[in-house]
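Here are the chains, one letter per residue:
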Amino acid sequence: MSSTVVDHADLPPLRLGGRPRRLVPMVVAYEPIPEAVSLHGGSSFRFLMEPVTAVAVVFDKGWVLVDGGFDPARIRDRATRTASFDYENYTPIVPPGDPLVDQIAEAGLDLADLAAALLTHSHFDHTGAARLLAPDQPLLLQRREWQHVNETTDARGNFLFRADLDRDGLTLGLLDGDTPLAAGLTAIDTSGHTPGHQSFAVELPERTVVLAIEFTDRPA
């Protein structure tokens, strides 16, 4: 058994009512990253402790989750952590408890009201929320990103955990480019950081916010 993969157009409408009303930003882990990776002209000898984030987009009724950090079980088990993250000078840090689940509860949100999870891209520090999803709570990603996951022969070298995305009871909804997802919520093709990276435009009452997590500008 594995994930059920369907076209987004074949999924029922997301269980959302009204329009987006607020965002709930969450920091769910930290990563030591060389400064040169994140800053132009940065040093490869200095490391930044960079946050791993997730965002809840809360509608009048229901909500969606953008990204989800790591699966804490993968970090907490020594053997699994070593097998998964044995890169030089790299060990992710996850706070005590389950920081994603705990912050969702702190925000007054119920996982039963989660309509879908939206995945910007498939790197392992973004895919951990898949473990929380029921079959009627799809994980939405670009078709090119799913192809990238399946065609990559070196998952470790490309920072992928296929097991996060290919699991029993998980429904994957594949998007093709810019796609309206609900009133006030649109997926935007921002491929570059990965072949199928996507961002999300959220039309809040007072402003429009684009959640462009780890967006990399494409060459002209």
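Residues numbered from 1 in each chain as written. Predicted model: local features only at pLDDT ≥ 70, side-chain atom pairs only at ≥ 80, totals over all residues. Heavy atoms only, no water.

> Explain the nonpolar core to me, please; I cannot follow it from the model alone.
Proteins that are soluble and globular tend to have nonpolar side chains buried together. Counting residues in each nonpolar core, the largest one holds 35 residues, and the members touching the most others are Met-26, Trp-63, Leu-65, Phe-70, Leu-100 and Leu-139. Broken down by secondary-structure element, the contributors of at least two residues to this core are β2 (17-34), β3 (47-61), β4 (63-66), α4 (99-106), β5 (114-118), β6 (139-142), α5 (143-151) and β7 (171-175). When residues in this core are grouped by element, the largest group, five residues, is from β2. In this structure, Leu-65 is in contact with Met-26, Ala-54, Val-55, Ala-56, Leu-100, Leu-114, Ala-116, Ala-117, Leu-118 and Ala-129, ignoring residues within four places of it in sequence. With 22 residues, the next largest nonpolar core counts Leu-140, Leu-181, Leu-185 and Ile-213 among its residues. (Core = buried A, V, L, I, M, F, W, Y, C linked by side-chain atoms within 4.5 Å. Buried < 20%, exposed > 50% of the residue type's maximum accessible area, 1.4 Å probe, protein only. Helix = DSSP H or I, 4+ residues; strand = E, 2+ residues; numbered from the N terminus. Contact = heavy atoms within 4.5 Å.)

> Can you help me understand the side chain of Ser-191 in this one?
Along the polypeptide, Ser-191 turns up in the loop between β9 (185-189) and β10 (198-203). Separated by 3.4 Å, the side chains of Ser-191 and Arg-144 make a polar contact. (Polar contact = N/O pair within 3.5 Å; in protein donor to acceptor, adjacent residues only side chain to side chain.)

> How should I be thinking about empty space enclosed by the protein in this particular structure?
Empty space among the atoms becomes apparent when a probe as large as a water molecule is rolled across them. Applying the stated criterion to the full structure yields two cavities of 30 Å³ or more. Approximately 40 Å³ is the volume attributed to the largest cavity. The wall of the largest cavity is formed by Asp-67, Gly-68, Ala-117, Leu-118, Leu-119, His-126, Thr-127, Gly-128, Ala-129, Ala-130 and Leu-139. When its residues are assigned to classes, the lining of the largest cavity shows six nonpolar, four polar and one charged. The volume enclosed by the second largest cavity comes to roughly 40 Å³. Val-28, Gly-68, Gly-69, Phe-70, Pro-72, Val-94, Asp-98, Pro-99, Leu-100 and Arg-131 are the residues that line the second largest cavity. (1 Å grid on protein atoms, 1.4 Å probe; cavity = no way out; pocket = protein on both sides within 12 Å on 5 of 7 lines; lining within 4 Å. Points joined across faces, edges and corners; volume = space filled by probe spheres on them. Nonpolar A, V, L, I, M, F, W, Y, C, P; charged D, E, K, R; others polar.)

> Looking at this structure, I do not really get the sheet that holds β2. What am I missing?
The strands that make up a sheet pair up through hydrogen bonds in the backbone, lying either parallel or antiparallel. One open sheet accounts for seven strands, arranged β1-β7-β6-β5-β4-β3-β2; its pairing is mixed. The open sheet has two edge strands with one neighbour each: β1 (4-7) and β2. Averaged over all pairs of adjacent strands, the angle between their axes in this sheet comes to 25°, without regard to strand direction. Here β2 runs beside β3; their pairing, made up of 14 bridges, is antiparallel. What sits directly across from Arg-22, in β3, is Val-58. Helix-sheet contacts for α4 involve β2, β3 and β4, and the interaxial angle to β2 is about 145°. (Pairing = 2+ DSSP bridges. Axes fitted to C-alpha atoms, helices over the stretch in contact; angles between N-to-C directions.)

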